[in-house]
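Structural features, examined
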Amino acid sequence: GEHLANRVAFAPDGSILGVANQDGLVTLWDVASGRQGQSFRAGPEGVRCLAFSPDGLSLATGGTDHSIALWDVATLGRRAVLLGSRRQVNCVVFSPDGRTLASASTDGTTRLWDVSSGENIRNLTATTVNSWSVLWVAYSPDGRVLATAGPEAGVALWDASTGRRL
């Protein structure tokens, strides 16, 4: 389309493709028919990342405005706004059980959030000075280990339950 897409993500069952645009819009596409579904404004600025929850009922978005939002996929209503990142949010990912959301930020911190309460559970910082960007974060399939990656710090592995760097 005429808008530049920043990120794409499939729903767990593969039926929906979410597309996040630099103008703050998220569009949900029906994969089987190839038809464009509903679009909604996920933020005042660009949406840098998005992820579906494992049950497919929620969608998380992160943006250049430093915020993270949780959305109800069925109604596109906003369930929660998670605040605390000091710079752009580059990546969001749900834990395999769907209870925790991890976010990676340009402020050098990976934050873990309780999905039900919106509480910031823990922050993972690879250096004492937040001088490097975290661009990506991923959970291991069993949810016990988090991997973070950024251009200056390379890849780091973390115990997801304690926040200890492995």
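What you see as residue numbers is a count from 1 along each chain, following the sequence as written. This being a predicted model, a pLDDT of at least 70 is required before a residue's local features are given, and a value of 80 or more before pairs of side-chain atoms are given or counted; all residues contribute to the totals for chains, interfaces and linings. Note: side-chain values were computed over all heavy atoms of the structure, leaving out hydrogens and water.

Brief notes about the environment of glutamine 36
Worth spelling out the cut-off: Helix and strand definitions follow DSSP, with helices as H or I runs of at least four residues and strands as E runs of at least two, each counted in order from the N terminus. The contact criterion used throughout is that any non-hydrogen atoms of two residues lie within 4.5 Å.
Take glutamine 36: it is sitting in strand E4 (residues 35-41). Sequence separation between glutamine 36 and isoleucine 16 is 20 residues; the distance between their C-alpha atoms is 9.9 Å. Among all residues touching glutamine 36, those that are not within four sequence positions of it are Thr27, Leu28 and Trp29.

Concerning the sheet that holds strand E14 (residues 145-150)
Put simply, the rule reads: Strand pairing follows a simple DSSP-based rule, namely that at least 2 bridges must link the two strands. Geometry is summarised by axes, namely lines fitted to C-alpha atoms with helices restricted to the contacting stretch, and by angles between N-to-C directions that run from 0 to 180 degrees.
Strand order in this open sheet of three strands is E13-E14-E15, and the pairing throughout is antiparallel. A strand with exactly one partner marks an edge of an open sheet, and here the two such strands are strand E13 (136-139) and strand E15 (154-159). Adjacent strand axes in the sheet meet at a mean angle of 20 degrees when their direction is disregarded. As paired strands, E14 and E15 are joined by six bridges and run antiparallel to one another. Residue pairing for E15: glycine 150 is matched across the bridge by glycine 154.

Regarding the side chain of arginine 111
Condition: In protein, a polar contact requires one atom able to donate a hydrogen and another able to accept it; more generally it is a pair of N or O atoms within 3.5 Å, and residues adjacent in sequence count only if both atoms are side-chain atoms.
Summarising the element assignment, arginine 111 is placed in strand E11 (residues 109-114). Within polar-contact distance, the side chain of arginine 111 engages the side chain of aspartate 107 at 2.9 Å. Not counting the four nearest positions on each side in its chain, arginine 111 is found in contact with Gly84, Ser85, Arg86, Leu101, Ala102, Ser103, Ser105, Asn120, Arg122 and Asn123.

Notes on the layout of surface pockets
Put simply, the rule is: Residues are said to line a cavity or pocket when one of their atoms sits within 4 Å of a point; the points come from a 1 Å grid over protein atoms alone, cavities being sets where a 1.4 Å probe fits but cannot get out and pockets being open sets with protein on both sides within 12 Å along at least five of seven lines. Grid points are joined across faces, edges and corners, and a volume is the space filled by probe spheres set on the points. Amino acids outside the nonpolar list (Ala, Val, Leu, Ile, Met, Phe, Trp, Tyr, Cys, Pro) and the charged list (Asp, Glu, Lys, Arg) are all regarded as polar, and Gly is one of them.
Size it by volume and the largest pocket reaches roughly 220 Å³. Lining the largest pocket are 15 residues, and of these Thr100, Tyr139, Gly143, Ala160 and Ser161 sit closest to its centre. Looking at side-chain class alone, the lining of the largest pocket contains five nonpolar, four polar and six charged residues.

Let's talk about the environment of proline 151
Along the chain, proline 151 falls in the loop between E14 and E15. Placed 63 residues apart in sequence, proline 151 and glutamine 88 show a C-alpha to C-alpha distance of 15 Å. The contacts of proline 151, once residues within four sequence positions are left out, are Ser133 and Leu135.

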